[in-house]
Amino acid sequence: MAPQDKNTPPPLPEPLRVAVADSHTHLDMQESTVEEALTKAASVGVTTVVQVGCDLAGSRWAAETAAAHDSVHATVALHPNEAPRIVLGDPDGWSRQGAREPGGDSALDAALAEIDRLAALPQVRGVGETGLDYFRTGPEGMAAQEASFRAHIEIAKRHGKALVIHDREAHDDVLRILREEGAPDRVVFHCYSGDAEMAKICAAAGYFMSFAGNVTFKNAQPLRDALAVAPPELVLVETDAPFLTPAPYRGRANAPYLIPVTLRAMAEVTALTEDALATAIAANTARAFGY
């Protein structure tokens, strides 16, 4: 692929015949306006999106955007990599807030109180993305991550909202903490990254598994094996846009309108027809997020 293609948005896919939802997107990190993104998505049968918060500013924005658009539902949270930055500081300025001073546990408590306040809003359908990330946060940040994750589980249960999980290289600990705390009624593993064995554990617990564009990647056979054993009534589809653009457009910016590309690849793995999978996913997403 020529380098200039990286900046060219992928073409519109053939529209789905059965409308579905993008269960996890970041409209605030995408180039287009919210209106443009929603219109483009709806034109190919993606008529609902779940806008996911990762920090205080993003969670407030998600709640405001969902209040302004009937087709948008919000989730609010401190991302697993955000909690250590609040406690320990972020001298490299890796997050969107730039360089930050250490705030300690009191700063984390204050941030969680704001997530709790936002989680009570009716347009906020979930608490997340929360969980554990051992890829980007080292051992020094694990205590803050775990404390934050446990607090988000409690917030989700108290407000009766879905829990949206970010699990990166932390499968065993995420599952253990869910068992220890007692999981909310509805749990979504966003960008499911486990294998088929973990999919069976999630299925037994009734956890939803949301598959992203990386299920189309050549090296993702373990993900496809997981999808093959996941019960159709627990499967969701997402973009995680602007990240994880499905093949053959990997390397370009992702957006909700590309959901049909991923869904069609998923249908081939599940041996369901495109329409049957879309019908299941539409019902599952509404059930998961209570809309």
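Structure first, text after, so check above.
Quick caveat: nothing in here was measured; it's all calculated off a predicted structure. (Residues numbered from 1 in each chain as written. Predicted model: local features only at pLDDT ≥ 70, side-chain atom pairs only at ≥ 80, totals over all residues. Heavy atoms only, no water.)

Colleague: I'd like a rundown of the overall build of the chain, residues and numbers included.
Modeller: Looking only at helices and strands, the chain features 10 helices and eight strands. Taken over C-alpha atoms, the radius of gyration comes to 18 Å for the chain, in line with the 19 Å a tight globule of 291 residues would show. Along the three orthogonal principal directions, the C-alpha set of the chain runs to about 50 × 40 × 35 Å. In the chain, which comprises 291 residues, the share counted as buried stands at 55%. For the chain, restricting intrachain contacts to residue pairs at least 6 apart in sequence, the fraction spanning at least 24 positions comes to 71%. Of the roughly 12,000 Å² of accessible surface on the chain, a fraction of 54% belongs to carbon and sulfur atoms. (Helix = DSSP H or I, 4+ residues; strand = E, 2+ residues; numbered from the N terminus. Rg over C-alpha atoms; globule rule 2.2 N^0.38 Å. Buried < 20%, exposed > 50% of the residue type's maximum accessible area, 1.4 Å probe, protein only. Contact = heavy atoms within 4.5 Å. Areas by Shrake-Rupley, 256 points an atom, 1.4 Å probe, with all protein chains shown as cover.)

Colleague: Before we move on, can you summarise the environment of A111 with the specific residues and values?
Modeller: The residue A111 is located in helix 4 (residues 104–119) in this model. For the pair formed by A111 and E140, sequence separation is 29 residues and the distance between their alpha carbons is 20 Å. Once you skip the residues sitting within four places of it in the chain, A111 turns out to touch L56, L78 and I86.

Colleague: I'd like a description of the nonpolar core, backed by residues and values.
Modeller: Core analysis: the biggest nonpolar cluster contains 81 residues, and F149, L178, F189, Y192 and M266 have the highest contact counts within it. Once residues lying within four places of it in the same chain are set aside, the contact partners of M266 are F211, V215, L227, V235, L236, V237, L277 and I281. (Core = buried A, V, L, I, M, F, W, Y, C linked by side-chain atoms within 4.5 Å.)

Colleague: Residues and numbers for the layout of surface pockets, please.
Modeller: Roughly 1,000 Å³ of internal volume is contained in the largest pocket. If you trace the largest pocket, you find 35 residues lining it, with D133, H166, R168, D240 and L244 closest to the centre. For the lining of the largest pocket, the elements supplying multiple residues, two or more each, are helix 3 (82–88), strand 4 (124–133), strand 5 (162–168) and helix 8 (221–229). Take the lining of the largest pocket: its biggest share by element is three residues, from strand 5. (1 Å grid on protein atoms, 1.4 Å probe; cavity = no way out; pocket = protein on both sides within 12 Å on 5 of 7 lines; lining within 4 Å. Points joined across faces, edges and corners; volume = space filled by probe spheres on them.)

Colleague: Run through the pairing of strand 1 (residues 20–25), naming residues and quoting values.
Modeller: Taking burial as the measure, the six residues of strand 1 include six buried ones, the bulk of the element. Pairing between strand 1 and strand 2 (residues 46–52): four bridges, direction parallel. Among the inter-strand pairings, V20 is bridged to a residue of strand 2, identified as V46. A crossover connection joins strand 1 to the parallel strand 2 through helix 1 (residues 34–43); in handedness this β-α-β unit is right-handed. (Pairing = 2+ DSSP bridges. Right-handed = clockwise from strand over helix to strand, strands pointing away.)

Colleague: An account of the pattern of salt bridges is needed here, citing residue identities and associated values.
Modeller: One pass over the structure, following the stated rule, counts 15 salt bridges. With a closest N to O distance of 4.0 Å, D90 and R85 form a salt bridge. Considered together, D90 and R85 belong to a single accessibility category, that of buried residues. Through salt bridges with shared partners, a single ionic network connects E146, R150, D173, R176, E180 and E181. (Salt bridge = Lys/Arg side-chain N within 4 Å of Asp/Glu carboxyl O.)

Colleague: So what about the packing of helix 9 (residues 259–270) against helix 10 (residues 274–289)? Which residues, and what values?
Modeller: Two numbers describe a pair of packed helices, the interaxial angle and the distance between the axes. Across the interface, helix 9 lies against helix 10 with an axial gap of 9 Å and an inter-helix angle of 105°. The pairing of helix 9 with helix 10 is recorded here as roughly perpendicular in orientation. Contacts between helix 9 and helix 10 pair L263, R264, M266, A267 and T270 from the former with E274, L277, A278 and I281 from the latter. Taken together, the residues that form the contact of helix 9 with helix 10 break down as six nonpolar, one polar and two charged. (Axes fitted to C-alpha atoms, helices over the stretch in contact; angles between N-to-C directions. Parallel < 35°, antiparallel > 145°, perpendicular 65-115°, else oblique. Nonpolar A, V, L, I, M, F, W, Y, C, P; charged D, E, K, R; others polar.)

Colleague: Which residues make up the packing of helix 8 against helix 9, and what are the values?
Modeller: With their axes 9 Å apart at the nearest point, helix 8 and helix 9 run at an angle of 65° to one another. Between helix 8 and helix 9, the interaxial angle falls into the category roughly perpendicular. Crossing of helix 8 over helix 9 shows right-handed handedness. Within the contact between the two elements, helix 8 uses R224, L227 and A228 and helix 9 uses M266, V269 and T270. The residue makeup of the contact of helix 8 with helix 9, split by class, is four nonpolar, one polar and one charged. (Left-handed = near helix turned anticlockwise from the far one by under 90°.)

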